[in-house]
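Examining the three-dimensional arrangement
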Amino acid sequence: MSAASSLAPDTLRGLLEAIPDALVIADHDGRIVLVNSESERLFAYRREELLGQPIEVLLPERFRDRHIADRAAYFAAPRVRPMGKGLELYGRRKDGREFPVEISLSPLAADGKLLVVATIRDVSERRQAEAQLRKMEARYRTLVEGIPAVTFMAALDEGVNELYVSPQIEELLGFSQAEWLENPVLWYTQLHPDDRGRWHAEFARTCATGEPFRSVYRFVSRSGRQVWVHGEAHVVRDDDGRPLFLQGVAFDITGIKQAEEDLKALNLTLEQRVVERTAVAEERSQELARSNAALEQFGYVVAHDLRQPLRTMKSYIQKLAERYTGQLDPQADDFITRGVNAADRMRVLIDDLLAYSRVRTQGKEPAPTDCGSALASACANLQAAIEEAGSTVTADALPTVLADPTQLVQVFQNLIGNALKFRAARPSRVHVSARRQRDLWEIAIADNGIGIEPQYLGRIFGLGERLHSISSYPGNGIGLATCEKIVERHGGRIWAASPGPDRGSTFYFTLPAA
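Cut-offs applied
Residues numbered from 1 in each chain as written. Predicted model: local features only at pLDDT ≥ 70, side-chain atom pairs only at ≥ 80, totals over all residues. Heavy atoms only, no water. Helix = DSSP H or I, 4+ residues; strand = E, 2+ residues; numbered from the N terminus. Buried < 20%, exposed > 50% of the residue type's maximum accessible area, 1.4 Å probe, protein only. Contact = heavy atoms within 4.5 Å. Areas by Shrake-Rupley, 256 points an atom, 1.4 Å probe, with all protein chains shown as cover. Axes fitted to C-alpha atoms, helices over the stretch in contact; angles between N-to-C directions. Parallel < 35°, antiparallel > 145°, perpendicular 65-115°, else oblique. Left-handed = near helix turned anticlockwise from the far one by under 90°. Nonpolar A, V, L, I, M, F, W, Y, C, P; charged D, E, K, R; others polar. Phe/Tyr/Trp six-rings, centres within 6.5 Å; stacked < 30°, edge-to-face > 60°. Pairing = 2+ DSSP bridges. 1 Å grid on protein atoms, 1.4 Å probe; cavity = no way out; pocket = protein on both sides within 12 Å on 5 of 7 lines; lining within 4 Å. Points joined across faces, edges and corners; volume = space filled by probe spheres on them. Expected span 1.5 Å × (residues − 1). Arc of directions from axis to C-beta. Core = buried A, V, L, I, M, F, W, Y, C linked by side-chain atoms within 4.5 Å. pLDDT = per-residue confidence, 0-100. Salt bridge = Lys/Arg side-chain N within 4 Å of Asp/Glu carboxyl O.

Check the secondary structure of the protein chain and you find 16 helices and 17 strands. Every one of the 514 residues in the protein chain was classed for burial, and the buried ones make up 36%. Considering only contacts within the protein chain whose residues lie at least 6 apart along the sequence, 56% involve residues at least 24 apart. As displayed, the protein chain has an accessible area near 28900 Å², and 54% of this comes from carbon and sulfur atoms.

Structure representation (structure tokens):
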């Protein structure tokens with residue numbers, strides 16, 4: 001005797017009612033012989049209204065005739081048909097309203113008769129959420145493909161197969177997006193033969209060390225034209241630091257290279273063409289300044305415009321979490337959690353990018369500014385973080401410098417915030433001091449944190465540079481780059497020193513004396 005047959009009828013009925021999906025059992029003639037309470041709720045019929053009725057009463061009228069034939073075919077060859085088979089199925093409630101469903105079928109032999117068990121699940125909310133996510137994906141794709149550069153994603157293997165390349169590839173090299181993705185060696189074929197060895201060496205270093213890829217190399221277009229490309233890429237990792245794929249962007253700098261060649265030609269006749277060359281240089285300098293301003297404005301606009309779709313995307317993911325957490329499998333719950341966390345990190349990244357882009361565009365003229373007051377404002381902004389870290393921030397007498405007060409507060413806040421974030425297990429201490437260097441003041445912010453290995457001291461001020469995984473220390477690598485941009489705007493410089501790991505570090509920057 002099987003375990004199921006040994007169960008009491010009341011126990012079987014309890015199991016039937018405990019199933020979270022609607023359960024409808026029909027006989028060979030398509031008559032309903034058993035339903036559970038979820039079926040009553042889902043279709044808005046009372047149990048006695050359904051028993052003995054043809055199963056087609058639960059279908060939209062336009063499907064009923066065809067379903068009779070499908071039902072006969074199923075009984076002729078009964079089999080288990082699980083949910084999610086790609087069928088667009090609909091149910092019909094008592095009031096005539098239709099809704100999308102997933103249905104699994106299982107044959108059941110009972111008392112010498114063949115029955116069919118239909119498990120029915122309402123997927124209306126899931127379909128709506130999927131439609132919204134597809135819409136958001138389309139909007140993001142539209143935004144990415146509007147950038148005046150080629151964006152790409154590539155697999156981290158020896159073939160370096162492209163996972164995605166934006167349509168701008170056709171404007172750059174004359175090959176369509178489909179051609180580029182369908183031919184896994186097209187990128188190598190079109191890479192200039194003289195640049196292949198260097199490209200391989202630089203790319204291998206990126207894969208081996210995780211260092212960002214930055215290089216200038218040449219491609220040959222479909223028409224045979226030589227195209228200079230400035231490429232930047234980085235390895236995208238998951239929360240545990242494991243590499244996933246390479247993501248990057250490629251800019252057409254053929255015009256810049258041509259400008260460099262033109263300058264070389266001008267240098268051959270320097271003495272004869274000083275006046276002419278000076279005029280050309282001034283014109284190009286103005287063009288470069290306009291270009292830089294346009295790029296900064298473009299970065300600001302892109303970061304600003306990303307905010308609203310990001311908020312919408314996060315809202316829908318959170319709705320998925322609120323409605324389905326615990327109802328789906330653990331992997332789906334994990335995907336939803338990762339989506340919410342990624343949206344939060346993107347929000348912080350966008351805010352930091354906006355702050356970075358505003359350094360030059362919204363900075364004030366330098367004026368005499370008390371460093372002590374700026375430090376006090378920064379510490380007030382960081383009060384919660386200082387208390388949470390149990391840190392002590394001290395300072396010597398600090399000078400007055402020529403600076404934008406708001407931006408000086410931002411520099412102190414970013415550097416002290418860094419010291420709090422990368423603190424060691426011992427009680428955290430931060431000390432600020434200053435010394436005069438001719439017409440400059442050198443400000444030093446020293447901590448007793450985890451320190452920095454010497455080989456990384458030159459990298460940490462790069463935009464987006466990180467020495468640790470996000471799971472270990474949160475952040476996006478923009479704070480120090482913003483500090484560098486502010487200090488350089490004031491005519492100073494910034495650098496860091498550290499005796500080594502777990503021995504603290506000191507950040508220095510210089511500003512003009514008032």
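Continuing now.
For the pair helix α13 (residues 371–381) and helix α15 (residues 405–421), the least separation of the axes is 8 Å and the interaxial angle reads 55°. With respect to α15, the element α13 is oriented oblique. For the pair α13 and α15, the sense of crossing is right-handed. Listed contacts from α15 to Cys371, Ala374, Leu375, Ser377, Ala378, Cys379 and Asn381 of α13 are Leu408, Val409, Phe412, Gln413 and Ile416. Among the residues making up the contact of α13 with α15, the classes are represented as nine nonpolar, three polar and no charged.

With that settled, the discussion passes to the packing of aromatic side chains. Under the definition given, this model contains 14 aromatic pairs. Both rings, one in Phe175 and one in Trp180, keep their centres 6.1 Å apart while their planes meet at 55°; by these two values the pair is tilted. Trp180 shares its class with Phe175; the two are buried. Aromatic ring contacts, followed pair by pair, group Phe175, Trp180, Trp187, Tyr188, Trp199, Phe203, Phe213, Tyr217 and Phe219 into a single cluster.

Next up on the list: the sheet that holds strand β2 (residues 32–35). Judged by pairing direction, the sheet is antiparallel, and its five strands sit side by side in the order β2-β1-β5-β4-β3 without closing on themselves. Each end of this open sheet is capped by a strand with a single partner; those strands are β2 and β3 (89–92). Ignoring which end each strand starts from, the neighbouring axes of this sheet average 40° apart. Of the pairings in the sheet, the one linking strand β4 (residues 98–110) to strand β5 (residues 113–122) comprises ten bridges and is antiparallel in character. Following the sheet pairing, Ala110 is matched in β5 by Lys113.

As a volume, the second largest pocket reaches approximately 700 Å³. Taken together, 27 residues make up the lining of the second largest pocket; nearest its centre are Leu59, His67, Arg81, Ile103 and Leu105. Elements with a contribution of two residues or more to the lining of the second largest pocket: β1 (22–26), α4 (61–76), β3, β4 and β5. A total of seven residues in the lining of the second largest pocket trace back to one element, the largest contributor, which is α4. Partitioning the lining of the second largest pocket into residue classes produces 19 nonpolar, two polar and six charged.

Our focus in this paragraph is helix α9 (residues 196–209). For α9, with 14 residues, the first-to-last C-alpha span of 20 Å sits near the 20 Å given by 1.5 Å per residue. All buried positions along α9 are accounted for by Arg196, Trp199, Glu202, Phe203 and Thr206. One face of α9 carries all of its buried residues, which in axial projection span an arc of 135°. Away from the buried face of α9 by more than 90 degrees, exposed residues Gly197 and Ala208 are located.

Turning next to the sheet that holds strand β12 (residues 392–395). Spatially, the five strands line up as an open sheet ordered β12-β14-β15-β17-β16, and their pairing is mixed. Edge positions in the open sheet fall to β12 and β16 (494–497), since each of these has one partner strand only. For this sheet, the mean inter-axis angle between neighbouring strands, taken without regard to orientation, is 20°. Direction of pairing for strand β14 (residues 429–437) relative to strand β15 (residues 440–447): antiparallel, over a ladder of eight bridges. Within β15, the position partnered with Gln437 by the bridge is Leu440.

The next subject is the environment of Pro20. With respect to the helices and strands, the residue Pro20 is situated in the loop between α1 (9–18) and β1. Relative accessible area serves as the criterion here: at 66%, Pro20 is assigned to the exposed category. Residues Pro20 and Ser37, spaced 17 residues apart in sequence, show a C-alpha to C-alpha distance of 9.5 Å.

Time to look at the nonpolar core. A general trend in soluble globular proteins is that nonpolar side chains are found buried together. One finds Leu408, Phe412, Leu415, Ile416, Ile445, Phe507 and Phe509 to be the most contacted residues of the largest nonpolar core, which totals 38 residues. The element contributing the most residues to this core is α15, with eight residues. Dropping the residues within four chain positions of it, Leu415 is found in contact with Ile445, Leu480, Cys483, Ile494, Phe507 and Phe509. Counting 23 residues, the second largest nonpolar core, distinct from the first, contains Val165, Phe175, Phe203 and Val229.

Our next topic: the confidence of the model for the protein chain. Per-residue confidence for the protein chain averages 83 on the pLDDT scale, and 83% of its residues sit at or above 70. The model gives residues 1–5 a pLDDT under 50, and that stretch makes two contacts with residues more than four places away or in other chains.

Our focus in this paragraph is the pattern of salt bridges. The full count for this structure, using the stated rule, is 25 salt bridges. A salt bridge links Lys257 to Glu260; the shortest N-O distance between them is 3.4 Å. Here Lys257 and its partner Glu260 are both found in helix α10 (residues 254–268), three residues apart, which amounts to about one turn of the helix. Residue classification places Glu260 among the partly exposed positions, given a relative accessible area of 35%. Look at the salt bridges and you will find they share partners, linking Asp195, Arg198, Glu202 and Arg218 into a network.

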